[in-house]
Every structure is written in C-alpha cells, then in structure tokens.
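Each chain is listed here by its residues.
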Amino acid sequence: MWKKEDAKSQGVAENSPDAAGISTAIARQGSGANRESNLSVPVSPRAAASISQGIRIKGEVTGTEDLFIDGHFEGKLSLPNSSLTVGPNGEIKADITAREVIVRGRVDGKIVGREKIQLWSTGNVAGDLQTERLTIEDGAVLRGRVEIETGKPLEKHTEARGAAAGASSKPSSLPVGSGSAAD
Amino acid sequence: MSFLNKLGIGVGAGAGGGRDISRGIAASNRPRTPAPASTAAIGATRAPELRESTRGSNGLKEFLWNLDGLGRGTLLDLGPAWQTTLSFFIERGFRVSSEDILREWKEFLVEEEAKLRAATGSSSEAPDVSPIGRASRFLETNLRYPASSFDAILLWDLLDYLEPVVGRQVVSCLTEMLRPGGIVFAMFHSKKPEGFQRYRVVDSNSLQVISTPALCPAQRVYQNREIQDLFSRYRTMKSFVGRDQLREALFIK
C-alpha cells in the first residue's frame, strides 16, 4: 500500500516531479527483460543530483544541475543557475550561491539565492541571506541578516496572510510546500 | 538535581521534591501543544499549530513614529524569525538582522549541562557555573555585532525569561550595539505570565500574540524602578500599560 511517509522520505522526488519520473523509469528498466538494451536510454538532464543522508563531503561543488543534499557538506557550493535543496537531515557548513535555495535542514554560512530562498519550518540558518524573494515558514530558525536585493522585497501576500491568520486563529505556516508562496 | 532542572528547564523539572519554577507556568489551564520538533532542525515534521490573537500596541506605534524618516535603517529583531515581522520592516526600507536570543539561551544551557556532566565524569576542570560566569560565556558566542550598528532593536519580553544577571549583560550589550538616538522596544509582564508567548508585527498598530510551547520559564517580574535601573544609560524611557498585564516600553539612547 502506498504510504505518504514513504513518498516524503524521497527528498528529491518530493521537490522535483521530473526526478520522480526518472526514478520510476530507471526501476522499470531494471526489472524488464530487455535490460541491456534499456541501459542506453539517456537519463533526463533535469534529474537532480543527490547527496544522501550518511554521506559526508568536504570541498567545493559547482554545477548547472539542481542538487539535493541530505547529508553533510563542508566547503563551498555554487550553483548559480540551479536550485539547491537542503533536506531535513542535511547539514551544510558552506557559503551557498544558487538560483533558488530551499532549506529544510541546517545551514551554517551565507546564502545567496538569486531568485528566492525558502526556509521551511525545520530549517535552521546561521548566516546572512541575500535574495530577491524570501519565504520563511513558522518554526524556521534564522540567525543573520536579511538582504533583499531588488525593490520588490518579501512577498506581499504574507502580510495579508498574517493579518488573516490573526483573525481566523488558524495555524500560520506558509504554504511553501504547495508552491503558492514561492511561485 | 541537574543544573537545568534547577532553572526549571530540565526534563521532568518539578517531578522531584525541589521547587519547580516552571510549575506556575505549566499549571496554566491553556492547552499545550507538543514541543516543536524544529529545535534540532531534523525530521520532516511540521511546526505545531500555534494559537494566535491580535492586540493593539501603542508601543509599536510610537516605536515606528520614532523611526519614521530614517530611510535605510538597521534593525535587530531578537525574537523568532517571523516572515510578517521581517516583511513589515524590510518593506519600509530597513536592513533587518534576526537572532532568537531566547532559543540561543536555551541551547546554551543544554550545552552547559552537557559540559558539566562531562567534567563531573572526568578529571577535567568544571566550568564556572556562577551566573556571571555563565552570562559571560553566553555573550562570547551570541549578540556579536559591532558597536553602533543598529538604529532599532526589538527586544520583546525576553528580559522576563533570562536570568537577571544575563539580562543585565544583554542590555549592556544592546546599548553598545545601538547608535546614539537609537531605540529599543521591550515588553515586561506585570505579573508572572501564565503561558509562553511570542510576538510578531501585523501592522503599524498591532501585534500578533502567539502562544507557543514554553522555551524557558519566566525568571522574574521587573518593577518600574528596576527597569529604569536596567536602562539607566538611556536618554528617555516611555512605557504603555496594557490591559493584558503587559507593559510596553521604549528606550531611546
């Protein structure tokens, strides 16, 4: 039976429908009778690379693909045109530069998210944030300075959301996961 | 009894025969939500549901009036990083820094407890557990900002929850970090609070009060004279008494 938790634990798949599709495709290849011929099927260039829980890396990572980190990373991360997701178990000690940064784990260092930065409720950042758009879910921990780069600061809807939440006394976590806060 | 239990923070505080500082707060009839799993930033769980209410704030109104026309001011928010609060000030041109000092304090106490246990088990020298020693160690790693780097500071009601010695040193630190003419917005409970609350800015006249699981037990209730002593280096003090036993205060350096 399909379990929601199972799907959630697959960090990449959760954030990237493309990646989920790729996983399925690869699984099908492995079980099929014509396994050898399928090995030559190219993987979509949009598949997110992943550093899983339990993997520890020190050094510098640069690239043009999306990256998901649920392990430990120390050094420097530069993905100027791609998205970086730090999973709930991810621990990063690095300055990060990316087009979009989603933090669900722990980051110690400056984050430059050219287009946007999202801090989920489990996110914990010790470092300055520099971005065009910032989304902070209730429960996220931030220790640092926020710099909004353009004249278009934090998303306008949030203030209205705050006022509405006060009136309705509903829980006020931002709909980061649904994409409405970010898109 | 462990060091944290003495402060009423440790797990199972009050279960023994000792005086339980946190009991007064925990005994409140308010329904409690479970402790947030976000403390360690591990796990995929969402933050617990928070109960909210909105209150008018003359203190905030006056705070903003004092900051009017500042242009690109700098603000330090010592509460949790709420998007509404950050949004409010950033949209008004402020460069905002955020540091949840009460969370840092709690994490510091947990580390201190671990160090103390390690020192007891080994022959290494035990850390100085006096309040002054603890306060100094805490400030060695927190509130590390250059002098005169902020125009405004949101202190909220944090002083009620910090040990008095730590509170005094925090105020001294903030005074250094504040520019001449800078302003601090603080709140003080007129009696020991029944629950633990956090605050965020809704608009220029009102604050959202959010009941959350207690991070630290209230340490003391400050009288007006004590507040004046704490902020004796400030040029002016103005306070606003609310119906909810919460006094808002503004201090201008």
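Engineer: Explanation requested: helix α7 (residues 164-177) of chain B in the structure shown.
Structural biologist: Because each turn of an α-helix spans 3.6 residues, side chains separated by three or four positions in sequence point in the same direction. All names here are of chain B. The first and last C-alpha atoms of α7 sit 20 Å apart over 14 residues, in line with the 20 Å expected at 1.5 Å per residue. Three or more residues of α7 are buried, namely V166, G167, V170, V171, C173, L174, T175 and M177. Where the residues of α7 are buried, they touch β2 (74-77), α5 (101-121), α6 (131-141), β4 (150-156), β5 (178-189) and α8 (224-230).

Engineer: I would appreciate a short explanation of the nonpolar core in the present structure.
Structural biologist: One finds A:L84, A:I92, A:I111, A:L119, B:F63 and B:F89 to be the most contacted residues of the largest nonpolar core, which totals 52 residues. Here the element with the most residues in this core is strand β5 (residues 91-103) of chain A; it accounts for 6 residues. Apart from the residues lying within four places of it in its own chain, the contact partners of B:F89 are B:F63, B:L64, B:L75, B:F94, B:V96, B:L154 and B:V201. Formed by 39 residues, the second largest nonpolar core is a distinct cluster that contains B:L109, B:L155, B:V166 and B:A249.

Engineer: I'm lost on the sheet that holds strand β6 (residues 197-203) of chain B in this one. Help?
Structural biologist: Strand pairing in a sheet takes place through backbone hydrogen bonds and is either antiparallel or parallel in direction. All names here are of chain B. Strand order across the open sheet formed by 3 strands is β1-β7-β6, with antiparallel pairing between neighbours. The open sheet has two edge strands with one neighbour each: β1 (51-56) and β6. Adjacent strand axes in the sheet meet at a mean angle of 30 degrees, parallel and antiparallel pairs treated alike. Where β6 and strand β7 (residues 206-211) come together, 6 bridges link them in antiparallel fashion. By the bridge assignment, R198 is partnered in β7 with I210.

Engineer: Could you clarify how one ought to interpret the packing of α6(B) against α7(B) in this entry?
Structural biologist: Two packed helices can be described by the angle between their axes and the distance between those axes. All names here are of chain B. Contact geometry of α6 with α7 gives a least axis separation of 9 Å together with a crossing angle of 40 degrees. What the angle tells us is that α6 and α7 run oblique. Regarding α6 and α7, the two cross each other, and that crossing is right-handed. Contacts from P131, I132, A135, S136, F138 and L139 of α6 reach α7 at V165, V166, Q169, V170 and C173. In terms of residue class, the contact of α6 with α7 is built from 9 nonpolar, 2 polar and no charged.

Engineer: Would you take a moment to explain the confidence of the model for chain A for this structure?
Structural biologist: In low-pLDDT regions, the fine details of the predicted coordinates are not to be read closely. Residues and elements named next belong to chain A. Chain-level statistics for chain A give a pLDDT mean of 71 and a share of 56% at 70 or above. Note on residues 1-44: pLDDT under 50 across the span, and 24 contacts to partners over four residues away in sequence or across chains. Contacts from residues 156-183, a stretch scored under 50 in pLDDT, to residues over four places away or in other chains number 56 contacts.

Engineer: Could you clarify how one ought to interpret the environment of B:L246 in this entry?
Structural biologist: All names here are of chain B. Tracing the backbone shows L246 in strand β9 (residues 246-252). Taking the C-alpha atoms as reference points, L246 and M187, 59 residues apart in sequence, are found 6.6 Å from one another. Beyond its immediate chain neighbours, meaning those up to four positions away, L246 contacts R55, M187, F188, H189, S190, Y199, F240 and V241.

Parameters at a glance
Residues numbered from 1 in each chain as written. Chains lettered and ligands numbered in written order. Predicted model: local features only at pLDDT ≥ 70, side-chain atom pairs only at ≥ 80, totals over all residues. Heavy atoms only, no water. Helix = DSSP H or I, 4+ residues; strand = E, 2+ residues; numbered from the N terminus. Expected span 1.5 Å × (residues − 1). Buried < 20%, exposed > 50% of the residue type's maximum accessible area, 1.4 Å probe, protein only. Contact = heavy atoms within 4.5 Å. Core = buried A, V, L, I, M, F, W, Y, C linked by side-chain atoms within 4.5 Å. Pairing = 2+ DSSP bridges. Axes fitted to C-alpha atoms, helices over the stretch in contact; angles between N-to-C directions. Parallel < 35°, antiparallel > 145°, perpendicular 65-115°, else oblique. Left-handed = near helix turned anticlockwise from the far one by under 90°. Nonpolar A, V, L, I, M, F, W, Y, C, P; charged D, E, K, R; others polar. pLDDT = per-residue confidence, 0-100.

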